[in-house]
Amino acid sequence: MNIADLLARNAGLYPEEVALVELNPAEGLRREITWRKFDERANRIANALLDRGIGKGDKVIHLMRNSTNWLEAYFGIIRTGAWVAPLNFRFTSGEIKYCADIAEARAMILGEEFRERVESIRSQLPTIEHYIFAGQGLPQGMAGFEDVIGKASLEPVKVVLNADDECGLYFTSGTTGAPKPILLTHRNMEAAAKTERAHHHQEHDDVFILIPPLYHCGAKMHWFGSLLAGGRAVLLTGVDPESIFRAVQKERGTIVWLLVPWVQDILGALDRGELRKGDYDLSRWRLMHIGAQPVPPQLIRRWKSYFPHMQYDTNYGLSEASGPGCVHLGVENEHKVGAIGKAGFGWQTRIVDENGADVPKGEAGELIVKGDGIMKEYYMNPEKTAETIRDGWLYTGDMVREDEEGFIYIVDRKKDVIISGGENIYPVEVEEVIGRHPKVHDVAVIGLPEERLGEVIAAVVMVKPGEVLTRKEVNEFCGEQLPKYKRPRQVFFGEVPRNPTGKIEKPKLREKYAGMKESFRL
(Lines give C-alpha, C1' and ligand atoms only; values in the text may rest on other atoms or scores of the structure.)
Protein backbone atom coordinates (compact mmCIF):
# COMPACT_ATOMS: atom_id res chain seq x y z
CA MET A 1 0.00 0.00 0.00
CA ASN A 2 1.51 3.35 -1.04
CA ILE A 3 0.90 6.80 0.44
CA ALA A 4 -1.88 7.61 -2.03
CA ASP A 5 -3.64 4.36 -1.09
CA LEU A 6 -3.50 5.35 2.60
CA LEU A 7 -5.63 8.40 1.86
CA ALA A 8 -8.20 6.26 0.06
CA ARG A 9 -8.17 3.74 2.91
CA ASN A 10 -8.83 6.47 5.49
CA ALA A 11 -11.67 7.83 3.35
CA GLY A 12 -13.23 4.36 3.47
CA LEU A 13 -12.69 3.80 7.19
CA TYR A 14 -13.42 7.31 8.52
CA PRO A 15 -15.36 9.10 5.74
CA GLU A 16 -17.04 11.77 7.86
CA GLU A 17 -14.27 12.30 10.39
CA VAL A 18 -12.18 15.45 10.11
CA ALA A 19 -8.81 14.74 8.49
CA LEU A 20 -7.35 18.25 8.31
CA VAL A 21 -7.93 21.58 9.99
CA GLU A 22 -6.43 24.71 8.44
CA LEU A 23 -5.90 27.33 11.14
CA ASN A 24 -4.70 30.89 10.45
CA PRO A 25 -5.13 32.98 13.63
CA ALA A 26 -3.96 36.21 11.97
CA GLU A 27 -6.79 36.04 9.43
CA GLY A 28 -9.34 34.47 11.77
CA LEU A 29 -9.53 31.45 9.47
CA ARG A 30 -10.49 27.94 10.50
CA ARG A 31 -11.31 25.46 7.75
CA GLU A 32 -11.73 21.69 8.09
CA ILE A 33 -12.06 18.85 5.64
CA THR A 34 -13.17 15.23 6.13
CA TRP A 35 -11.26 12.21 4.91
CA ARG A 36 -13.93 11.58 2.24
CA LYS A 37 -13.76 15.13 0.92
CA PHE A 38 -9.96 15.14 1.05
CA ASP A 39 -9.85 11.94 -1.00
CA GLU A 40 -12.41 13.20 -3.52
CA ARG A 41 -10.61 16.50 -4.10
CA ALA A 42 -7.28 14.70 -4.58
CA ASN A 43 -9.01 12.47 -7.15
CA ARG A 44 -10.39 15.51 -8.96
CA ILE A 45 -6.94 17.10 -9.19
CA ALA A 46 -5.47 13.83 -10.44
CA ASN A 47 -8.17 13.51 -13.11
CA ALA A 48 -7.74 17.16 -14.13
CA LEU A 49 -4.01 16.59 -14.64
CA LEU A 50 -4.58 13.37 -16.56
CA ASP A 51 -7.11 15.21 -18.77
CA ARG A 52 -4.32 17.69 -19.56
CA GLY A 53 -1.96 14.90 -20.58
CA ILE A 54 0.08 14.86 -17.35
CA GLY A 55 0.95 11.29 -16.44
CA LYS A 56 3.54 8.83 -15.25
CA GLY A 57 7.05 10.26 -15.13
CA ASP A 58 6.01 13.86 -15.81
CA LYS A 59 7.03 16.51 -13.27
CA VAL A 60 4.75 19.03 -11.62
CA ILE A 61 6.11 22.04 -9.71
CA HIS A 62 4.19 22.48 -6.45
CA LEU A 63 4.56 25.99 -5.02
CA MET A 64 2.15 26.76 -2.20
CA ARG A 65 2.12 27.66 1.47
CA ASN A 66 0.73 25.22 4.06
CA SER A 67 -2.98 24.67 3.54
CA THR A 68 -5.50 21.91 2.89
CA ASN A 69 -5.07 22.78 -0.80
CA TRP A 70 -1.36 21.98 -0.48
CA LEU A 71 -2.07 18.39 0.54
CA GLU A 72 -4.95 17.95 -1.91
CA ALA A 73 -2.64 18.98 -4.74
CA TYR A 74 0.19 16.78 -3.46
CA PHE A 75 -1.90 13.62 -3.45
CA GLY A 76 -3.57 14.51 -6.71
CA ILE A 77 -0.21 14.83 -8.45
CA ILE A 78 1.26 11.56 -7.20
CA ARG A 79 -1.94 9.64 -8.04
CA THR A 80 -1.30 10.35 -11.72
CA GLY A 81 2.12 8.70 -11.53
CA ALA A 82 3.73 12.11 -12.07
CA TRP A 83 6.51 13.35 -9.81
CA VAL A 84 5.58 16.12 -7.42
CA ALA A 85 8.31 18.76 -6.99
CA PRO A 86 7.46 20.82 -3.88
CA LEU A 87 9.45 24.06 -3.71
CA ASN A 88 10.61 26.14 -0.79
CA PHE A 89 8.23 29.09 -0.47
CA ARG A 90 11.24 31.37 0.06
CA PHE A 91 12.75 30.57 -3.32
CA THR A 92 13.35 33.58 -5.54
CA SER A 93 12.20 33.73 -9.16
CA GLY A 94 15.67 32.61 -10.20
CA GLU A 95 15.60 29.60 -7.90
CA ILE A 96 12.11 28.64 -9.10
CA LYS A 97 13.36 28.75 -12.70
CA TYR A 98 16.46 26.74 -11.72
CA CYS A 99 14.29 23.96 -10.25
CA ALA A 100 11.74 23.99 -13.07
CA ASP A 101 14.52 23.74 -15.65
CA ILE A 102 16.17 20.78 -13.92
CA ALA A 103 12.83 19.01 -13.55
CA GLU A 104 11.74 19.88 -17.11
CA ALA A 105 8.36 20.36 -15.48
CA ARG A 106 5.23 20.20 -17.62
CA ALA A 107 2.85 21.77 -15.09
CA MET A 108 2.83 24.03 -12.06
CA ILE A 109 0.34 24.37 -9.22
CA LEU A 110 0.89 27.61 -7.34
CA GLY A 111 -0.64 29.80 -4.65
CA GLU A 112 -1.46 33.47 -5.07
CA GLU A 113 1.52 34.51 -2.91
CA PHE A 114 3.83 33.44 -5.75
CA ARG A 115 2.06 35.16 -8.61
CA GLU A 116 4.63 37.93 -9.13
CA ARG A 117 7.63 35.62 -8.82
CA VAL A 118 6.23 33.19 -11.37
CA GLU A 119 4.87 35.80 -13.76
CA SER A 120 8.30 37.46 -13.94
CA ILE A 121 9.89 34.26 -15.32
CA ARG A 122 6.95 32.66 -17.07
CA SER A 123 8.31 33.42 -20.53
CA GLN A 124 11.51 31.62 -19.50
CA LEU A 125 9.76 28.36 -18.58
CA PRO A 126 9.13 26.78 -22.00
CA THR A 127 8.49 23.25 -20.74
CA ILE A 128 5.56 24.26 -18.49
CA GLU A 129 2.34 23.87 -20.46
CA HIS A 130 -0.23 24.10 -17.68
CA TYR A 131 -0.61 26.39 -14.66
CA ILE A 132 -3.20 25.84 -11.91
CA PHE A 133 -3.59 28.86 -9.64
CA ALA A 134 -5.06 28.82 -6.12
CA GLY A 135 -6.24 32.21 -4.89
CA GLN A 136 -7.68 35.55 -5.95
CA GLY A 137 -6.92 37.44 -9.14
CA LEU A 138 -6.50 34.65 -11.67
CA PRO A 139 -3.61 35.46 -14.04
CA GLN A 140 -4.25 35.27 -17.77
CA GLY A 141 -3.56 31.85 -19.21
CA MET A 142 -3.87 30.00 -15.90
CA ALA A 143 -6.66 27.74 -14.65
CA GLY A 144 -8.29 28.38 -11.26
CA PHE A 145 -7.75 25.71 -8.62
CA GLU A 146 -11.41 25.49 -7.58
CA ASP A 147 -12.62 25.68 -11.17
CA VAL A 148 -10.35 22.77 -12.10
CA ILE A 149 -11.63 20.73 -9.18
CA GLY A 150 -15.26 21.56 -9.95
CA LYS A 151 -15.03 20.32 -13.53
CA ALA A 152 -13.00 17.13 -12.97
CA SER A 153 -14.25 13.67 -12.09
CA LEU A 154 -14.11 12.54 -8.47
CA GLU A 155 -13.70 8.89 -9.47
CA PRO A 156 -10.47 7.14 -8.47
CA VAL A 157 -7.86 7.14 -11.23
CA LYS A 158 -6.79 3.87 -12.77
CA VAL A 159 -3.03 4.50 -12.76
CA VAL A 160 -1.11 1.51 -11.36
CA LEU A 161 1.63 2.57 -8.94
CA ASN A 162 4.38 0.25 -7.72
CA ALA A 163 6.61 0.61 -4.66
CA ASP A 164 9.67 1.43 -6.75
CA ASP A 165 7.93 4.02 -8.92
CA GLU A 166 9.33 7.52 -8.52
CA CYS A 167 6.95 10.06 -7.04
CA GLY A 168 8.77 12.99 -5.45
CA LEU A 169 11.50 15.35 -6.62
CA TYR A 170 12.63 17.28 -3.54
CA PHE A 171 15.02 20.20 -3.79
CA THR A 172 17.23 20.60 -0.73
CA SER A 173 16.96 23.84 1.19
CA GLY A 174 20.27 25.08 -0.15
CA THR A 175 22.03 25.96 3.14
CA THR A 176 25.24 24.57 1.67
CA GLY A 177 24.86 25.75 -1.93
CA ALA A 178 22.44 25.45 -4.84
CA PRO A 179 19.44 23.19 -4.15
CA LYS A 180 20.06 19.57 -5.14
CA PRO A 181 17.17 17.50 -6.59
CA ILE A 182 16.52 14.34 -4.57
CA LEU A 183 14.38 11.64 -6.17
CA LEU A 184 12.14 9.62 -3.85
CA THR A 185 9.94 6.60 -4.51
CA HIS A 186 6.68 5.29 -3.09
CA ARG A 187 8.72 2.77 -1.08
CA ASN A 188 10.61 5.68 0.50
CA MET A 189 7.35 7.41 1.45
CA GLU A 190 5.82 4.28 2.95
CA ALA A 191 8.99 3.60 4.95
CA ALA A 192 8.84 7.14 6.38
CA ALA A 193 5.24 6.64 7.49
CA LYS A 194 6.02 3.35 9.23
CA THR A 195 9.12 4.77 10.93
CA GLU A 196 7.29 7.84 12.21
CA ARG A 197 4.35 5.88 13.64
CA ALA A 198 6.68 3.38 15.31
CA HIS A 199 8.65 6.19 16.97
CA HIS A 200 5.81 8.37 18.21
CA HIS A 201 3.08 5.80 18.65
CA GLN A 202 0.46 7.78 16.77
CA GLU A 203 -3.05 6.50 17.33
CA HIS A 204 -6.35 7.33 15.68
CA ASP A 205 -7.34 9.76 18.44
CA ASP A 206 -4.08 11.74 18.32
CA VAL A 207 -4.18 15.31 16.99
CA PHE A 208 -0.96 16.45 15.33
CA ILE A 209 -0.32 20.21 15.33
CA LEU A 210 1.71 20.73 12.15
CA ILE A 211 3.57 24.05 11.85
CA PRO A 212 6.75 23.64 9.69
CA PRO A 213 6.46 24.00 5.89
CA LEU A 214 5.03 21.00 4.08
CA TYR A 215 7.39 21.34 1.12
CA HIS A 216 10.14 20.00 3.40
CA CYS A 217 10.43 16.26 3.98
CA GLY A 218 10.51 16.70 7.76
CA ALA A 219 7.04 18.15 8.31
CA LYS A 220 5.24 15.94 5.83
CA MET A 221 6.95 12.71 6.81
CA HIS A 222 6.17 13.35 10.49
CA TRP A 223 2.54 13.82 9.48
CA PHE A 224 2.67 10.55 7.52
CA GLY A 225 2.62 8.78 10.88
CA SER A 226 -0.76 10.39 11.57
CA LEU A 227 -1.89 9.53 8.05
CA LEU A 228 -1.03 5.89 8.72
CA ALA A 229 -3.09 6.01 11.93
CA GLY A 230 -5.95 7.98 10.38
CA GLY A 231 -5.43 10.75 12.94
CA ARG A 232 -6.39 14.40 12.61
CA ALA A 233 -3.84 17.09 11.74
CA VAL A 234 -4.02 20.83 12.30
CA LEU A 235 -2.11 22.99 9.80
CA LEU A 236 -1.24 26.00 11.93
CA THR A 237 -0.09 29.24 10.32
CA GLY A 238 1.63 31.31 12.98
CA VAL A 239 4.58 30.35 15.12
CA ASP A 240 4.20 32.84 17.95
CA PRO A 241 3.90 31.20 21.40
CA GLU A 242 0.33 32.33 22.01
CA SER A 243 -0.92 30.92 18.69
CA ILE A 244 0.70 27.57 19.42
CA PHE A 245 -0.80 27.33 22.91
CA ARG A 246 -4.24 28.41 21.68
CA ALA A 247 -4.15 25.83 18.91
CA VAL A 248 -3.21 23.06 21.32
CA GLN A 249 -6.05 24.06 23.63
CA LYS A 250 -8.81 24.62 21.05
CA GLU A 251 -7.95 21.69 18.77
CA ARG A 252 -7.12 19.32 21.65
CA GLY A 253 -3.63 18.76 20.28
CA THR A 254 -1.57 15.81 21.49
CA ILE A 255 1.63 16.03 19.41
CA VAL A 256 3.55 19.15 18.40
CA TRP A 257 6.76 19.19 16.40
CA LEU A 258 8.71 22.38 17.10
CA LEU A 259 11.93 23.88 15.83
CA VAL A 260 14.57 25.18 18.23
CA PRO A 261 13.80 28.89 17.60
CA TRP A 262 10.12 28.33 18.42
CA VAL A 263 11.00 26.54 21.65
CA GLN A 264 13.28 29.43 22.53
CA ASP A 265 10.44 31.87 21.87
CA ILE A 266 7.99 29.92 24.03
CA LEU A 267 10.44 29.63 26.92
CA GLY A 268 11.31 33.31 26.66
CA ALA A 269 7.64 34.29 26.78
CA LEU A 270 7.09 32.00 29.79
CA ASP A 271 10.17 33.37 31.56
CA ARG A 272 9.01 36.96 31.04
CA GLY A 273 5.46 36.21 32.12
CA GLU A 274 4.06 37.21 28.72
CA LEU A 275 2.67 33.69 28.41
CA ARG A 276 1.22 31.81 31.38
CA LYS A 277 0.89 28.05 31.14
CA GLY A 278 -2.02 28.08 33.59
CA ASP A 279 -4.14 30.18 31.21
CA TYR A 280 -4.41 27.28 28.77
CA ASP A 281 -5.70 23.72 28.91
CA LEU A 282 -2.72 21.79 27.58
CA SER A 283 -3.67 18.54 29.28
CA ARG A 284 -3.83 16.49 26.07
CA TRP A 285 -0.41 17.64 24.82
CA ARG A 286 1.59 14.44 25.39
CA LEU A 287 4.64 14.86 23.13
CA MET A 288 6.91 17.69 22.04
CA HIS A 289 9.59 16.68 19.59
CA ILE A 290 12.30 18.53 17.71
CA GLY A 291 14.31 17.78 14.61
CA ALA A 292 16.07 19.41 11.65
CA GLN A 293 18.98 20.79 13.69
CA PRO A 294 21.18 20.12 16.74
CA VAL A 295 19.22 20.63 19.97
CA PRO A 296 20.99 22.31 22.92
CA PRO A 297 20.53 20.06 25.98
CA GLN A 298 19.97 23.05 28.28
CA LEU A 299 17.00 24.07 26.12
CA ILE A 300 15.25 20.77 26.82
CA ARG A 301 16.07 20.95 30.51
CA ARG A 302 14.39 24.36 30.62
CA TRP A 303 11.41 22.94 28.73
CA LYS A 304 11.06 20.06 31.15
CA SER A 305 11.12 22.49 34.07
CA TYR A 306 7.85 23.91 32.71
CA PHE A 307 6.46 20.61 31.37
CA PRO A 308 7.90 17.87 33.61
CA HIS A 309 5.35 15.24 32.58
CA MET A 310 5.37 15.86 28.83
CA GLN A 311 7.26 13.39 26.66
CA TYR A 312 10.20 14.71 24.67
CA ASP A 313 11.87 13.22 21.63
CA THR A 314 14.26 14.19 18.88
CA ASN A 315 14.71 12.71 15.43
CA TYR A 316 17.66 13.05 13.11
CA GLY A 317 17.13 12.85 9.39
CA LEU A 318 17.83 14.32 5.98
CA SER A 319 15.96 14.64 2.71
CA GLU A 320 18.18 11.97 1.17
CA ALA A 321 16.76 9.55 3.78
CA SER A 322 13.13 10.60 3.18
CA GLY A 323 13.11 13.00 6.08
CA PRO A 324 13.31 12.31 9.81
CA GLY A 325 13.85 9.12 11.73
CA CYS A 326 16.92 7.26 10.50
CA VAL A 327 18.29 8.05 13.97
CA HIS A 328 15.92 8.45 16.87
CA LEU A 329 16.29 9.24 20.59
CA GLY A 330 13.01 7.80 21.88
CA VAL A 331 10.74 9.09 24.64
CA GLU A 332 12.15 6.45 26.97
CA ASN A 333 15.65 7.93 26.69
CA GLU A 334 15.18 11.47 27.99
CA HIS A 335 18.15 10.88 30.29
CA LYS A 336 20.26 11.00 27.11
CA VAL A 337 19.20 14.50 26.08
CA GLY A 338 21.96 15.84 23.87
CA ALA A 339 22.22 12.62 21.86
CA ILE A 340 20.31 12.17 18.61
CA GLY A 341 19.77 8.54 19.61
CA LYS A 342 20.24 5.18 17.96
CA ALA A 343 19.26 3.68 14.61
CA GLY A 344 15.58 4.37 13.92
CA PHE A 345 12.86 1.84 13.15
CA GLY A 346 13.88 -0.07 10.02
CA TRP A 347 17.32 1.59 9.87
CA GLN A 348 20.97 0.63 10.40
CA THR A 349 23.80 3.02 11.29
CA ARG A 350 27.60 3.03 11.20
CA ILE A 351 30.28 5.64 11.95
CA VAL A 352 33.20 5.56 9.54
CA ASP A 353 36.49 7.26 8.71
CA GLU A 354 37.58 8.76 5.38
CA ASN A 355 38.19 5.26 3.99
CA GLY A 356 34.78 3.87 5.00
CA ALA A 357 36.15 1.82 7.91
CA ASP A 358 34.33 1.81 11.24
CA VAL A 359 35.93 4.09 13.83
CA PRO A 360 36.42 3.05 17.48
CA LYS A 361 33.70 4.05 19.91
CA GLY A 362 34.14 7.58 21.17
CA GLU A 363 35.98 8.79 18.09
CA ALA A 364 34.43 11.21 15.60
CA GLY A 365 33.53 9.88 12.18
CA GLU A 366 30.96 10.28 9.44
CA LEU A 367 27.48 8.87 10.05
CA ILE A 368 26.24 6.49 7.36
CA VAL A 369 22.77 4.91 7.32
CA LYS A 370 20.93 2.12 5.51
CA GLY A 371 17.19 1.53 5.14
CA ASP A 372 14.19 1.63 2.80
CA GLY A 373 14.04 5.41 3.13
CA ILE A 374 17.25 6.03 1.17
CA MET A 375 16.56 8.13 -1.92
CA LYS A 376 16.78 6.61 -5.36
CA GLU A 377 19.30 9.19 -6.53
CA TYR A 378 20.32 12.78 -6.94
CA TYR A 379 18.35 13.41 -10.12
CA MET A 380 20.50 13.81 -13.23
CA ASN A 381 23.68 13.64 -11.14
CA PRO A 382 25.13 10.11 -11.19
CA GLU A 383 28.53 11.25 -9.90
CA LYS A 384 27.09 12.85 -6.77
CA THR A 385 24.78 9.85 -6.28
CA ALA A 386 27.71 7.42 -6.46
CA GLU A 387 29.65 9.56 -4.00
CA THR A 388 26.74 9.63 -1.51
CA ILE A 389 25.33 6.09 -1.78
CA ARG A 390 27.95 3.35 -1.57
CA ASP A 391 27.16 -0.35 -1.20
CA GLY A 392 23.63 0.55 -0.07
CA TRP A 393 24.85 2.99 2.62
CA LEU A 394 23.98 6.68 2.56
CA TYR A 395 26.88 8.93 3.56
CA THR A 396 25.23 11.76 5.47
CA GLY A 397 28.11 14.24 5.67
CA ASP A 398 27.49 14.61 9.41
CA MET A 399 30.29 14.00 11.89
CA VAL A 400 29.19 12.10 15.01
CA ARG A 401 30.44 10.15 18.01
CA GLU A 402 28.95 7.09 19.73
CA ASP A 403 29.11 6.62 23.50
CA GLU A 404 29.55 3.35 25.42
CA GLU A 405 25.78 2.76 25.46
CA GLY A 406 25.49 3.12 21.69
CA PHE A 407 23.91 6.60 21.65
CA ILE A 408 25.01 8.86 18.82
CA TYR A 409 25.92 12.53 19.27
CA ILE A 410 26.22 15.08 16.48
CA VAL A 411 29.66 16.66 16.30
CA ASP A 412 29.04 18.79 13.21
CA ARG A 413 28.53 18.89 9.48
CA LYS A 414 31.61 17.49 7.78
CA LYS A 415 31.87 20.57 5.57
CA ASP A 416 31.42 22.92 8.56
CA VAL A 417 34.37 21.57 10.52
CA ILE A 418 36.84 24.39 11.20
CA ILE A 419 40.54 23.55 10.78
CA SER A 420 42.52 26.13 12.72
CA GLY A 421 46.25 25.68 13.13
CA GLY A 422 45.89 22.03 12.19
CA GLU A 423 43.24 21.35 14.85
CA ASN A 424 39.72 20.19 13.95
CA ILE A 425 37.07 22.26 15.76
CA TYR A 426 33.41 21.29 15.59
CA PRO A 427 31.20 24.41 15.65
CA VAL A 428 28.26 22.65 17.33
CA GLU A 429 30.40 22.05 20.43
CA VAL A 430 31.26 25.75 20.69
CA GLU A 431 27.67 26.78 19.93
CA GLU A 432 26.43 24.59 22.75
CA VAL A 433 28.76 26.29 25.24
CA ILE A 434 27.96 29.86 24.20
CA GLY A 435 24.26 29.00 24.03
CA ARG A 436 24.33 28.28 27.77
CA HIS A 437 24.98 31.93 28.57
CA PRO A 438 21.80 33.32 30.12
CA LYS A 439 21.81 36.38 27.85
CA VAL A 440 22.20 34.45 24.57
CA HIS A 441 19.11 33.82 22.47
CA ASP A 442 20.85 32.10 19.55
CA VAL A 443 24.38 31.55 18.28
CA ALA A 444 26.19 30.36 15.19
CA VAL A 445 29.88 29.46 14.96
CA ILE A 446 31.71 29.58 11.65
CA GLY A 447 35.25 29.44 10.34
CA LEU A 448 36.69 32.52 8.64
CA PRO A 449 39.89 32.60 6.54
CA GLU A 450 43.08 33.63 8.32
CA GLU A 451 46.53 33.65 6.76
CA ARG A 452 48.55 32.09 9.59
CA LEU A 453 46.08 29.57 11.03
CA GLY A 454 44.11 28.82 7.88
CA GLU A 455 40.83 29.53 9.66
CA VAL A 456 39.79 31.19 12.90
CA ILE A 457 36.67 30.56 14.93
CA ALA A 458 34.02 33.29 14.73
CA ALA A 459 30.82 33.41 16.76
CA VAL A 460 27.71 35.28 15.68
CA VAL A 461 25.70 35.92 18.83
CA MET A 462 22.04 36.94 18.96
CA VAL A 463 21.28 38.50 22.34
CA LYS A 464 17.98 37.99 24.15
CA PRO A 465 15.56 40.94 23.92
CA GLY A 466 16.20 43.51 26.64
CA GLU A 467 19.66 42.16 27.49
CA VAL A 468 23.08 43.70 26.91
CA LEU A 469 26.06 41.44 26.26
CA THR A 470 29.65 42.45 25.60
CA ARG A 471 32.50 40.67 23.87
CA LYS A 472 34.36 40.66 27.16
CA GLU A 473 31.52 38.69 28.79
CA VAL A 474 31.52 36.18 25.95
CA ASN A 475 35.30 35.97 26.21
CA GLU A 476 35.22 35.24 29.94
CA PHE A 477 32.36 32.75 29.61
CA CYS A 478 34.20 30.77 26.90
CA GLY A 479 37.45 30.97 28.88
CA GLU A 480 35.80 29.12 31.75
CA GLN A 481 34.49 26.25 29.64
CA LEU A 482 36.55 25.81 26.48
CA PRO A 483 40.23 25.10 25.85
CA LYS A 484 42.03 28.01 24.24
CA TYR A 485 42.11 26.58 20.72
CA LYS A 486 38.31 26.17 20.70
CA ARG A 487 37.48 29.69 21.84
CA PRO A 488 36.18 32.22 19.28
CA ARG A 489 38.77 34.66 17.99
CA GLN A 490 36.06 36.88 16.57
CA VAL A 491 32.66 37.71 18.03
CA PHE A 492 29.89 39.49 16.16
CA PHE A 493 26.48 40.49 17.46
CA GLY A 494 23.60 40.13 15.03
CA GLU A 495 20.84 37.95 13.64
CA VAL A 496 21.40 34.22 13.19
CA PRO A 497 19.69 33.39 9.88
CA ARG A 498 17.84 30.09 9.77
CA ASN A 499 15.93 28.51 6.92
CA PRO A 500 12.26 27.47 7.34
CA THR A 501 13.31 24.16 8.90
CA GLY A 502 15.52 25.84 11.49
CA LYS A 503 18.95 25.10 10.05
CA ILE A 504 21.54 27.85 10.37
CA GLU A 505 22.41 29.31 6.97
CA LYS A 506 26.16 29.34 7.52
CA PRO A 507 27.19 30.23 3.95
CA LYS A 508 25.34 33.52 4.39
CA LEU A 509 27.21 34.21 7.62
CA ARG A 510 30.60 33.34 6.13
CA GLU A 511 29.91 35.69 3.23
CA LYS A 512 28.68 38.48 5.51
CA TYR A 513 31.46 38.39 8.08
CA ALA A 514 34.49 37.45 5.97
CA GLY A 515 37.06 40.20 6.27
CA MET A 516 35.52 41.87 9.30
CA LYS A 517 37.83 42.47 12.25
CA GLU A 518 35.58 42.84 15.29
CA SER A 519 37.53 40.51 17.52
CA PHE A 520 39.13 39.94 20.86
CA ARG A 521 42.36 38.19 21.74
CA LEU A 522 42.42 35.20 24.03
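The text that follows walks through the structure, step by step, so that each part is easy to find.

Rules of the game
- Residues numbered from 1 in each chain as written.
- Predicted model: local features only at pLDDT ≥ 70, side-chain atom pairs only at ≥ 80, totals over all residues.
- Heavy atoms only, no water.
- Helix = DSSP H or I, 4+ residues; strand = E, 2+ residues; numbered from the N terminus.
- Buried < 20%, exposed > 50% of the residue type's maximum accessible area, 1.4 Å probe, protein only.
- Areas by Shrake-Rupley, 256 points an atom, 1.4 Å probe, with all protein chains shown as cover.
- Lys, Arg positive; Asp, Glu negative; His and termini not counted.
- Charge placed at Lys NZ, Arg CZ, Asp CG, Glu CD.
- Salt bridge = Lys/Arg side-chain N within 4 Å of Asp/Glu carboxyl O.
- Contact = heavy atoms within 4.5 Å.
- Disulfide = S-S within 2.5 Å.
- Axes fitted to C-alpha atoms, helices over the stretch in contact; angles between N-to-C directions.
- Parallel < 35°, antiparallel > 145°, perpendicular 65-115°, else oblique.
- Pairing = 2+ DSSP bridges.
- Left-handed = near helix turned anticlockwise from the far one by under 90°.
- Nonpolar A, V, L, I, M, F, W, Y, C, P; charged D, E, K, R; others polar.
- Expected span 1.5 Å × (residues − 1).
- Polar contact = N/O pair within 3.5 Å; in protein donor to acceptor, adjacent residues only side chain to side chain.
- Phe/Tyr/Trp six-rings, centres within 6.5 Å; stacked < 30°, edge-to-face > 60°.
- Lys NZ or Arg CZ within 6 Å of the ring centre and 35° of its normal.
- Core = buried A, V, L, I, M, F, W, Y, C linked by side-chain atoms within 4.5 Å.

The number of helices and strands found in the protein is 15 helices and 27 strands. Each of the three principal axes of the protein carries a C-alpha extent, and together these read 70 × 55 × 45 Å. Counting the 522 residues in the protein, one finds 58% classified as buried. If you sum the accessible surface of the protein, you get close to 21,300 Å²; carbon and sulfur atoms cover 48% of it. Computed over 67 positive and 75 negative side-chain charges, the separation of the two mean positions in the protein equals 2 Å.

Bringing the side chain of Glu-320 into the picture now. Position of Glu-320 among the secondary structure elements: in the loop between strand S14 (311-318) and strand S15 (323-328). The charged side chain of Glu-320 is buried without a salt bridge, its nearest counter-charge being Lys-180 at 4.7 Å. Those residues in contact with Glu-320, other than ones at most four positions away along the chain, are Thr-172, Lys-180, Ile-182, Gly-373, Ile-374, Met-375, Tyr-378 and Leu-394.

Right, let's talk about the state of the cysteines for a bit. Under the counting rule described, the total for this entry stands at zero disulfides. For the unlinked cysteine Cys-99, the closest cysteine sulfur is that of Cys-217, found at 14 Å. With no disulfide partner, Cys-167 has as its closest neighbouring cysteine sulfur the one in Cys-217, 10 Å distant. On the basis of relative accessibility, which here comes to 1%, the residue Cys-167 falls in the buried class.

Looking now at the packing of helix H7 (residues 186-200) against helix H8 (residues 217-229). The contact between H7 and H8 brings their axes to 7 Å, and the two run at 80 degrees. The orientation of H7 relative to H8 falls into the category roughly perpendicular. Together, Met-189, Ala-192, Ala-193, Lys-194, Glu-196, Arg-197 and His-200 of H7 and Met-221, His-222, Phe-224, Gly-225, Leu-228 and Ala-229 of H8 make up the contact between the two elements.

The next point concerns the pairing of strand S2 (residues 29-34). Taken together, the six bridges between strand S1 (residues 18-24) and S2 define a ladder with antiparallel strand orientation. Looking across to S2, one finds that Leu-23 is bridged to Arg-30. What sits between S1 and S2 in their antiparallel hairpin is a turn of four residues, with Gly-28 showing a positive phi close to 65 degrees.

Any two side chains of opposite charge can pair, given that their charged atoms come close. Within this structure, the stated rule accounts for 35 salt bridges. A salt bridge links Asp-281 to Arg-252, with the shortest nitrogen-to-oxygen separation between them at 3.1 Å. Taken as a pair, Asp-281 in the loop between helix H10 (260-272) and strand S13 (287-290) and Arg-252 in the loop between helix H9 (241-251) and strand S12 (255-258) lie far apart in primary sequence, 29 residues in all. The closest approach of N and O atoms between Lys-508 and Glu-505, which form a salt bridge, is 3.2 Å. Three or more residues joined by partner-sharing salt bridges are found here, namely Glu-16, Arg-36 and Glu-40.

Remark: helix H1 (residues 3-13) packs on helix H3 (residues 68-79), axes separated minimally by 9 Å, with the N-to-C direction vectors making an angle of 120 degrees. Accordingly, the angle class assigned to the pair H1 and H3 is oblique. Seen along the crossing, H1 lies across H3 with a hand that is left-handed. Contacts from Ile-3, Ala-4, Leu-7 and Ala-8 of H1 reach H3 at Phe-75, Ile-78 and Arg-79. Grouping the constituent residues of the contact of H1 with H3 by class yields six nonpolar, no polar and one charged.

What follows covers H3. Given a rise of 1.5 Å per residue, twelve residues ought to cover 16 Å, and the 17 Å separating the end C-alpha atoms of H3 matches this to within 8%. H3 sits mainly inside the fold: twelve of its twelve residues count as buried. Looking at H3, one finds that the buried residues are Thr-68, Asn-69, Trp-70, Leu-71, Glu-72, Ala-73, Tyr-74, Phe-75, Gly-76, Ile-77, Ile-78 and Arg-79. One side-chain oxygen of the residue at the start of H3 lies 3.3 Å from the amide nitrogen of Asn-69, identifying that residue as Ser-67. Positive backbone phi, at 90 degrees, marks Gly-81, one or two positions downstream of H3.

Taken as a whole and judged by the stated rule, the model has 15 aromatic pairs. Ring geometry for Phe-245 and Trp-285: centres 6.1 Å apart, planes at 85 degrees, overall edge-to-face. Pair noted here: Phe-245 is in helix H9 and Trp-285 is in the loop between H10 and S13, with a separation of 40 residues, a long-range link. Here Phe-245 falls in the buried class, since its relative accessible area comes to 0%. Its guanidinium or amino end placed over the ring of Tyr-131, Arg-122 lies 4.7 Å from that ring's centre, counting from NZ or CZ.

Let us now look at the side chain of Asn-10. Of note, Asn-10 is situated in helix H1. Residue Asn-10 is classed as buried on the basis of its relative accessible area, which comes to 0%. Those residues in contact with Asn-10 that sit more than four places away from it in its chain are Pro-15, Trp-35, Leu-227 and Gly-230.

Phe-75, Trp-223 and Leu-258 are the most contacted members of the largest nonpolar core, which has 125 residues in total. If near-sequence neighbours (up to four positions away) are discounted, Leu-258 is found in contact with Ile-211, Ile-244, Val-263, Ile-266, Trp-285, Met-288, His-289, Ile-290, Gly-291 and Trp-303.

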